[in-house]
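Secondary and tertiary structure notes
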Amino acid sequence: MASTPDMTLVIIAHNEEDVIADKLQNAISLNYPHEKVEILVGSDGSDDRTNEIVQRFQGQGVRLVACERQGKIGTLNETVAQAQGEILVFSDANSMYDGGSLQAIAACFSDPTVGGVAGDQVYTTDNGNAGSLGERLFWNFDRFLKRMQSRSGSVTSSTGAIHAIRSELFESVPSGVCDDFLISTRVVAKGYRLVFEPNAIAYEEVSATDKAEFRRKSRIIARGIRGLWVMKGLLNPLAYGFYSFQLASHKLLRWSVIFLLPVILFLNIACVGQGLLYQLLLGLQLAFYMLALVGIMLRNTPIFRNKLAKIMAVPYFFCMANLSALSGWYQFFVGRRVDIWNSNRAV
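What you see is a predicted model; the values in this text were computed from it and never measured.

A short note on the pattern of salt bridges
As enumerated under the stated definition, the model contains 12 salt bridges in all. The salt bridge involving Lys36 is made with Asp6; its shortest N-O contact spans 3.6 Å. Of this pair, Lys36 sits in the loop between α1 (20–28) and β2 (37–44) while Asp6 sits in the segment before β1 (7–13), and the two are 30 residues apart along the sequence. Overlapping salt bridges, with partners in common, bring together Lys72, Asp92 and Asp179 in one network.

In structure tokens, the structure reads:
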């Protein structure tokens, strides 16, 4: 493949009038040959000024795909059907790319074994609450894991803020699943590598409130579990080797930690009379949960802007993330689906 393949940047939007102009300005200013980039904005029944704003950019390589309100995935499928690029790059409407991101993605595809590229999501703001700090700390750790996974063969999956695949590998995405998870894991299922590119960077702000973040995580995990069920064949180590272990540990087990935490605490209490080690471990567990409770009481206060924030933010975010996983499992088991939702970025 050429070092500068034709690319289609796919952006799905619903009522994004507050950010879409900045997003498109960012997209057309990226350091990549302008004639090689097609920008498609799939508008999911937007009834604000989103469509009007997108149309202002139509002379700069931007094309509007106006769809009826049907949810992100239906609009995604319709939009990709009109894409002409060799490489499909997927982005959120509020994700701003580093100038060299497309070049970094293109370089990865010069390797014929690579079918998909996972970019790096970087949070640019701290809203002063426990969840926002915890989210940034988590992504710092996740970034390290992605580097190691990529060296071993493939990363587990991509983030929706910035990821790319060869256009011939795209298949219509079924409703009710996490689209970035399904699109990226299908790359591995088809025998290609999914690699992490740290120089392909998308900048985003964290959720405005912890409540908004909790709801977002619950929805994503519920859709991720459904996606994992669809792609359950990837959990077969005889067919996919070490990647199956990565997928099971990084997704299935991580989402299931909430079921193990009460068991660990109960067993620790049962063994507390067996020696100092068990007493110490119980003390550490109780201290951890106590810090999480303090985080709940002091969330959204200035105290989380100082260096002591990490002491409470990590336990708080850990507990919040696992409770959102419990909510996600509940939605999965009762068959609750949220196929259409609003971004509510300003909440």
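Examining the nonpolar core
Formed by 37 residues in total, the largest nonpolar core has its most connected members in Ile20, Leu24, Ile39, Val89 and Ile105. It is helix α4 (residues 101–108) that contributes the most residues to this core, five residues altogether. Setting aside its immediate chain neighbours within four residues, Val89 contacts Met7, Thr8, Leu9, Val10, Tyr97, Leu102, Ile105, His163 and Ala164.

Observations concerning unusual backbone geometry
For Asn15, which is not glycine, the phi dihedral falls at a positive 50°. Tracing the backbone shows Asn15 in the loop between β1 and α1.

A closer look at the pairing of strand β7 (residues 162–166)
Where burial is concerned, most of β7 is hidden: five out of the five residues are buried. Burial of the side chains of β7 extends over both faces: Ile162, Ala164 and Arg166 are buried on one face and His163 and Ile165 on the other. Inspection of the sheet shows strand β6 (residues 114–123) paired to β7 by three bridges, in the antiparallel sense. Note that in β7 the partner of Ala118 across the bridge is His163.

Observations regarding the confidence of the model for the chain
Scored by pLDDT, the chain comes out at a mean of 90, with 89% of its residues at no less than 70. Within the chain, the element-level pLDDT minimum falls on helix α5 (residues 130–152), averaging 78, and the maximum on strand β4 (residues 87–91), averaging 98.

What counts, and where the lines are drawn
Residues numbered from 1 in each chain as written. Predicted model: local features only at pLDDT ≥ 70, side-chain atom pairs only at ≥ 80, totals over all residues. Heavy atoms only, no water. Salt bridge = Lys/Arg side-chain N within 4 Å of Asp/Glu carboxyl O. Helix = DSSP H or I, 4+ residues; strand = E, 2+ residues; numbered from the N terminus. Core = buried A, V, L, I, M, F, W, Y, C linked by side-chain atoms within 4.5 Å. Buried < 20%, exposed > 50% of the residue type's maximum accessible area, 1.4 Å probe, protein only. Contact = heavy atoms within 4.5 Å. Pairing = 2+ DSSP bridges. pLDDT = per-residue confidence, 0-100.

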